[in-house]
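Coordinates in review
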Amino acid sequence: MTIQTLTRSSLPNYQTPISSSTQQRSQTKIESNSVKQLSKSYQAIQQLKYLHLEAEINVLLQELQTMKQNNQIES
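Being a predicted model, the structure only gives us computed values, none of them experimental.

Analysis parameters
Residues numbered from 1 in each chain as written. Predicted model: local features only at pLDDT ≥ 70, side-chain atom pairs only at ≥ 80, totals over all residues. Heavy atoms only, no water. Helix = DSSP H or I, 4+ residues; strand = E, 2+ residues; numbered from the N terminus. Buried < 20%, exposed > 50% of the residue type's maximum accessible area, 1.4 Å probe, protein only. Areas by Shrake-Rupley, 256 points an atom, 1.4 Å probe, with all protein chains shown as cover. Patch = residues over 30% accessible without salt bridge, like charges linked within 9 Å, V, L, I, M, F, W, Y side chains within 5 Å. Salt bridge = Lys/Arg side-chain N within 4 Å of Asp/Glu carboxyl O.

**Side note on the overall build of the protein**
Helix and strand counts for the protein come out as one helix and zero strands. Among the 75 residues that make up the protein, the fraction classed as buried is 0%. Accessible area for the protein stands at about 7800 Å²; split by element, carbon and sulfur atoms hold 57% of it.

**Details of a nonpolar patch on the surface**
Side chains of Ile57, Leu61 and Leu64 sit close together on the surface and give an oily, nonpolar patch of about 270 Å² of accessible area. For Leu64, the position within the fold is in helix 1 (residues 17-74).

Written out as structure tokens, the structure reads:
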């Protein structure tokens, strides 16, 4: 009776479906997190643009009111 010591190099190099499936899930999770972060970033940028436009509208309305008041005083 002989005893054979098994080493990693003596085993066939198989990639098990579990390992492959785990890698795919990890990749999907990473991609999902990236999409979520990108979506949050996009939403923040859009919100910032909206606030900027809103502020610009307020400034223009104030200028219009000032012009109307100046015209009333001159008339």
